[in-house]
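Close look at the chain arrangement
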Amino acid sequence: MMNASSVLLTDKVAVVTGGGSGIGKATCKTFAACGATVVIAEIDEAACKQTAREIEEAGGKAIAHTCDVTKAEEVGKLEQAVLRHLGKVDILMNNVGHHLGGRRPFEESTEALWQQLYDINYKSMMLCTRAFAPHMMKRAKGGSIINVSTVESFRAIPEQAPYSGFNAAIDAFTRSYAVEVGKHGIRVNAIAPDKINSAQTRYYERIPKEKLAHVGVWVPLGRLGDGDDIAGVALFLASDLSRWVTGTTIHADGGTLAAGGWYPRPTGSGWTNSPILSDAG
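Attention here is on the structure that accompanies the text. Here the structure is a predicted model, which is why all the values come from computation and not from measurement.

Examining the packing of helix H4 (residues 111-139) against helix H5 (residues 161-181)
- Taken N-terminus to C-terminus, the directions of H4 and H5 make an angle of 15 degrees; their axes are 9 Å apart at the nearest point. Between H4 and H5, the angle is such that the two are roughly parallel. You can see that H4 and H5 cross each other, and the crossing is right-handed. Where H4 abuts H5, its residues Trp114, Leu117, Tyr118, Asn121, Tyr122, Met125, Met126, Thr129, Ala133 and Met137 lie against Pro162, Tyr163, Phe166, Asn167, Ala169, Ile170, Phe173, Tyr177 and Val181.
- In terms of residue class, the contact of H4 with H5 is made up of 16 nonpolar, three polar and no charged.

What about the sheet that holds strand S6 (residues 186-193)?
- What the seven strands build is an open sheet, ordered S3-S2-S1-S4-S5-S6-S7; its pairing is parallel. The open sheet has two edge strands with one neighbour each: strand S3 (61-66) and strand S7 (249-252). Each adjacent strand pair in this sheet contributes to an overall mean axis angle of 15 degrees, direction not counted.
- The sheet contact formed by strand S1 (residues 13-17) and strand S2 (residues 37-42) spans five bridges and is parallel. Bridging from a neighbouring strand, Val13 pairs with Thr37 of S2.
- In this fold helix H2 (residues 45-57) packs onto S2 and S3, with an angle of close to 175 degrees to the strand it touches most, S3.
- Lying on the sheet, H5 is in contact with strand S5 (143-148), S6 and S7; it crosses S6 at an angle near 160 degrees.

A closer look at the side chain of Asp68
- Along the chain, the position of Asp68 falls in the loop between S3 and helix H3 (72-86).
- The side chain of Asp68 sits in the buried core without any salt bridge; Lys71 is the nearest counter-charge, 4.0 Å away.
- At a separation of 2.7 Å, a polar atom in the side chain of Asp68 contacts the side chain of Thr70.
- Ignoring anything within four residues of it in the chain, the contact list for Asp68 reads Ile43 and Glu74.

Points about empty space enclosed by the protein
- Taken as a whole, this structure holds two cavities of 30 Å³ or more when the rule is applied.
- Taken as a whole, the largest cavity spans an internal volume of roughly 100 Å³.
- Taken together, 14 residues make up the lining of the largest cavity; nearest its centre are Gly102, Leu113, Leu117, Glu159 and Gln160.
- Listing elements by their share of the lining of the largest cavity, those giving two or more residues are H4 and H5.
- In terms of residues, the lining of the largest cavity owes the most to one element, H5, which gives three residues.
- Roughly 30 Å³ of volume is contained in the second largest cavity.
- Considering the residues around the second largest cavity, the lining is formed by Val39, Ile63, His65, Ala81, Val82 and His85.
- The set of elements that each furnish at least two residues to the lining of the second largest cavity consists of S3 and H3.
- A per-element tally of the lining of the second largest cavity places H3 first, with three residues.
- Residues belonging to the lining of the second largest cavity are distributed by class as follows: four nonpolar, two polar and no charged.

Conventions and cut-offs
Residues numbered from 1 in each chain as written. Predicted model: local features only at pLDDT ≥ 70, side-chain atom pairs only at ≥ 80, totals over all residues. Heavy atoms only, no water. Axes fitted to C-alpha atoms, helices over the stretch in contact; angles between N-to-C directions. Helix = DSSP H or I, 4+ residues; strand = E, 2+ residues; numbered from the N terminus. Parallel < 35°, antiparallel > 145°, perpendicular 65-115°, else oblique. Left-handed = near helix turned anticlockwise from the far one by under 90°. Contact = heavy atoms within 4.5 Å. Nonpolar A, V, L, I, M, F, W, Y, C, P; charged D, E, K, R; others polar. Pairing = 2+ DSSP bridges. Buried < 20%, exposed > 50% of the residue type's maximum accessible area, 1.4 Å probe, protein only. Lys, Arg positive; Asp, Glu negative; His and termini not counted. Salt bridge = Lys/Arg side-chain N within 4 Å of Asp/Glu carboxyl O. Polar contact = N/O pair within 3.5 Å; in protein donor to acceptor, adjacent residues only side chain to side chain. 1 Å grid on protein atoms, 1.4 Å probe; cavity = no way out; pocket = protein on both sides within 12 Å on 5 of 7 lines; lining within 4 Å. Points joined across faces, edges and corners; volume = space filled by probe spheres on them.

The structure is reproduced here in structure tokens:
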């Protein structure tokens, strides 16, 4: 039977990549508040230490580890540090990812850009999973691996096709690896966010104030999301609440994917898939 303790992460060790800001930081603080000892893997040393400090000031437990998770040798050092200080890992959240700037036609993209997108979005996830999953297997007490992709794995994002492709690969990897390690009691799932106001996507800075009222039209739930919205999904996937969930992606997007390009008409009556036309059908 589920009870209040099912949501807790007491005595768990959680490694969160990109934990210095945005979704990663919110998740680190949420995990710690629910009892986990959190290892913050972050390339920005100041941000890494700040997240740890905030967790400790709130009464939680955290270890700040500055590293670049796109590099195998640094992931190896992260692995060694976690085992040396904590002796185990129960939860791995592969949160690092980035679109790396503005859009451009695919034919104008470069191999150097492809490599960067691969490294930060896909390679980092594989390196960290390969490092920590064997330790979950060895302990034979299960575990939870949580990968972060994007809604653009499931819908188009023109002029960012490589970014979309690598994130779609994350979701495919999640499904296949979940089946592979299920016999060890390890669950592997993904989260696909959209419309999250964070350090990476600063919607409130990009949207003119006079246009903010349109957020209620763009997002079915009527607002932009934030790091805590994704942290809540991550907590579900990390805890016993999701003990029968593996190999799937949760769309934490306020309903944007489900809407499929349909918006309420400005008049408040009916719907339109052509928002530029106030009364279009």
